[in-house]
Amino acid sequence: MNPVIQAKGLQKSYGGHCVVDGLDLSIYKGECFGLLGPNGAGKTTTLRMLLGLIAPDAGTATLLDLPVPQAAREARIKVGVVPQMDNLDPDFTVAENLLVYGRYFGMQDSDIEARIPDLLDFASLTSKRDAKVPTLSGGMKRRLTLARALVNDPDVVFLDEPTTGLDPQARHLIWQRLRELTQQGKTLLLTTHFMDEAERLCHRLAVMDNGKLISEGSPRELIERNIEPQVVEVFGETSGQWADMHAANFAQRYEVSGESVFCYVPEAQPLVMHLQAQSTLRYLHRPANLEDVFLKLTGREMRE
Ligand code: ADP
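A short tour of the structure in this document, coming up. (Residues numbered from 1 in each chain as written. Predicted model: local features only at pLDDT ≥ 70, side-chain atom pairs only at ≥ 80, totals over all residues. Heavy atoms only, no water.)

Concerning the site of the ligand
In step 1: The local shell around the ligand consists of Tyr14, Val19, Pro38, Asn39, Gly40, Ala41, Gly42, Lys43, Thr44 and Thr45.
In step 2: Side-chain polar atom of Thr44 to an oxygen atom of the ligand: 2.7 Å apart, as the coordinates give it.
In step 3: Computed on the free molecule, the ligand has an accessible area of 560 Å², of which 56% lies beneath the protein chains in the complex.
In step 4: Residue contributions to the shell around the ligand peak at three residues, all from helix α1 (residues 43–50).
In step 5: Among the residues making up the shell around the ligand, the classes are represented as four nonpolar, five polar and one charged. (Near = heavy atom within 4 Å. Polar contact = N/O pair within 3.5 Å; in protein donor to acceptor, adjacent residues only side chain to side chain. Areas by Shrake-Rupley, 256 points an atom, 1.4 Å probe, with all protein chains shown as cover. Helix = DSSP H or I, 4+ residues; strand = E, 2+ residues; numbered from the N terminus. Nonpolar A, V, L, I, M, F, W, Y, C, P; charged D, E, K, R; others polar.)

This is the structure we're talking about:
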């Protein structure tokens, strides 16, 4: 089976600075693939090249078996896009936004009208059909943007931070809808800063930094490959002193971040027993997660 999205040696520089640096990627039908990375890692530039919106300086990309950007127009007929910022038309109602967007794909009004009830149902916006965009909540706007991306019944949907700025209820509803899309056989490529989102939704992930993919696999593979299985977080004013004196006795690898010490261990029991006897410290023992992997691979320092 050919990949639905494929990149080979993609490269892009701006002002002499290489922002995407020899990127190889293969994404298959029905996959939800997540691209993770700190701000400035090159994620949006990668999406834009894979969509054929900008040309790479080197390398090749195909989207639905068509070369992009050369045949981008043709490929995008079966592609939906959920951009980072909602760019809905504020002068139009919910239904009119879908109608106008469908016309960009050359669809007949009658065909779009026929799809609108299902799209509104999918987005849980049936009762908002005639509402103007400025009256919608942030979650409703995101759902409308998602519904709009589906107006042409795409095979592939690109989503750039689909749930940024949403409350937990709104995020859960979007996640449920995205799962439904992959169950229908659609392929999703998303970027996100939420590790729980990536862990729950994505079949496979790639972590990107400084324009390069630094690790790729299923969420479980990334955790197993990159990090110790258990984490003990130690909190409290004296945690730094505790780390200086004791952490190395229990953990081969530990990190101090403010008043927290993150201890990464194969087996947490000896450390937990020790901490139980330390009355001035609090601790949390948990399995390692994708956020631990992300911070290990890309560091804890702020990028912007
Ligand atoms: P991410 O989506 O991971 O935050 P981007 O792909 O948006 O990263 O940006 C990667 C780098 O490329 C950043 O340093 C950004 O400033 C730069 N960049 C992106 N687009 C342009 C552009 N059109 N012109 C100049 N620099 C750009």
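What to know about the environment of Gln176
In step 1: Looking at the secondary structure, you find Gln176 in helix α6 (residues 168–183).
In step 2: Residues Gln176 and Leu201, 25 residues apart in the sequence, show an inter-C-alpha distance of 9.0 Å.

Let's talk about the sheet that holds strand β4 (residues 58–63)
In step 1: Pairing within the open sheet is antiparallel, and its four strands lie in the order β2-β1-β4-β5. On the outer flanks of this sheet lie β2 (17–27) and β5 (66–68), each paired with one strand and no other. Strand-to-strand, the axes of this sheet are offset by a mean angle of 30°, without reference to chain direction.
In step 2: Pairing geometry for β4 and β5, over three bridges, is antiparallel. If you follow Thr62 over to β5, its bridge partner there is Pro67.
In step 3: Lying on the sheet, α1 is in contact with β1 (5–14), β2, β4 and β5; it crosses β1 at an angle near 125°. (Pairing = 2+ DSSP bridges. Axes fitted to C-alpha atoms, helices over the stretch in contact; angles between N-to-C directions. Contact = heavy atoms within 4.5 Å.)

As for the side chain of Lys186
In step 1: Its place among the elements puts Lys186 in the loop between α6 and β8 (187–191).
In step 2: A polar contact of 2.8 Å, which involves the side chain of Lys186, links it to the side chain of Asp153.
In step 3: Engagement of the side chain of Lys186 in a polar contact is seen with the backbone oxygen of Pro154, the distance being 2.9 Å.
In step 4: In contact with Lys186, other than residues within four places in its own chain, are Gly30, Glu31, Asp153, Pro154, Asp155 and Leu181.

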